[in-house]
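One letter stands for each residue in the lines below.
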Amino acid sequence: MLRRLALTAVASLAALSAAAPAATAVGGPLPLPLPIPLLQDDDAHHTRLTVTVSGTGDPSAEGVFELECGPAGGSHPAAQQACDRLAELAGEGADPFAPVPRDAMCTQQFGGQATARVTGTWQGRSIDTAFDRTNGCAISRWNGLRPVLPNVR
């Protein structure tokens, strides 16, 4: 019986070694490595932003708002509309977070004290940018990102 048990153990070890190269006779089989999760296309386009708004004169428009898209959620008061706008801009190939070019000719109108900072991830890239309404270009940049940013006048 001992000989039969030994042959069974050797056959089992051979089968285990063939099935899992990490198996060894000393200490038994080693654990196989776990698969690394791959980045899904949806993850690369997932949006997660923090929008901080102040100086609008409208207490309901001010504060720190979290915005997630895919699906829309977070504490942003118009999450679905904001996600829709970001998707629309992405579809147009626009970068709503790009700064106003230094050589842009902007009207010298003042749109108020409102400021906003947007940080996080959009279209798989890191975002950290500021918005204000200090001239015509800055106002246009702000308005182009509504409703991610509040409608202020």
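Look above for the structure.
As the structure is a prediction and not an experimental result, all values here were calculated from the model.

Peer 1: What's the story with the state of the cysteines in this structure? I'm lost.
Peer 2: In a disulfide, the sulfur atoms of two cysteines are held together by a covalent bond. One pass over the full model with this rule turns up 2 disulfides. Residue Cys69 pairs covalently with Cys83 via a disulfide, S to S 1.9 Å. Across the S-S bond of Cys69 and Cys83 the torsion is about -90°, and the bridge reads as left-handed. With a gap of 14 residues between them, Cys69 in strand S2 (residues 63-69) and Cys83 in helix H3 (residues 79-91) connect regions that are remote in the sequence. By the burial criterion, Cys69 is buried, and Cys83 matches it. One disulfide in the model links Cys106 with Cys137; its S-S distance is 2.0 Å. Between Cys106 and Cys137, the S-S torsion sits near -100°, and that sign places the bridge as left-handed.

Peer 1: Explain the nonpolar core here, please?
Peer 2: In terms of nonpolar packing, the biggest core is built from 22 residues, with Leu67, Leu86 and Phe97 touching the most fellow members. Every element with two or more residues in this core is listed here: strand S1 (47-54), S2, H3, strand S3 (115-122) and strand S4 (125-132). For this core, the leading source of residues is H3, giving 5 residues. When residues no more than four places from it in sequence are discounted, the contact partners of Leu67 are Thr47, Arg48, Leu49, Gly73, His76, Ala79, Ala82, Cys83, Leu86 and Val148.

Peer 1: Where do I start with the pattern of salt bridges in this structure?
Peer 2: For the coordinates displayed, the defined rule picks out 4 salt bridges. Ionic pairing is found between Arg85 and Glu88, a salt bridge with its closest N-O pair at 3.1 Å. Here Arg85 pairs with Glu88, and both are found in helix H3, just 3 residues apart, close to one helical turn. Residue Glu88 is classed as partly exposed on the basis of its relative accessible area of 41%. Where Asp95 meets Arg125, a salt bridge forms, and the shortest distance between an N and an O atom there is 3.1 Å. Here Arg125 lies in strand S4 and Asp95 lies in the loop between H3 and S3, a separation of 30 residues in the sequence. On the basis of relative accessibility, which here comes to 35%, the residue Asp95 falls in the partly exposed class.

Definitions and cut-offs
- Residues numbered from 1 in each chain as written.
- Predicted model: local features only at pLDDT ≥ 70, side-chain atom pairs only at ≥ 80, totals over all residues.
- Heavy atoms only, no water.
- Disulfide = S-S within 2.5 Å.
- Helix = DSSP H or I, 4+ residues; strand = E, 2+ residues; numbered from the N terminus.
- Buried < 20%, exposed > 50% of the residue type's maximum accessible area, 1.4 Å probe, protein only.
- Core = buried A, V, L, I, M, F, W, Y, C linked by side-chain atoms within 4.5 Å.
- Contact = heavy atoms within 4.5 Å.
- Salt bridge = Lys/Arg side-chain N within 4 Å of Asp/Glu carboxyl O.

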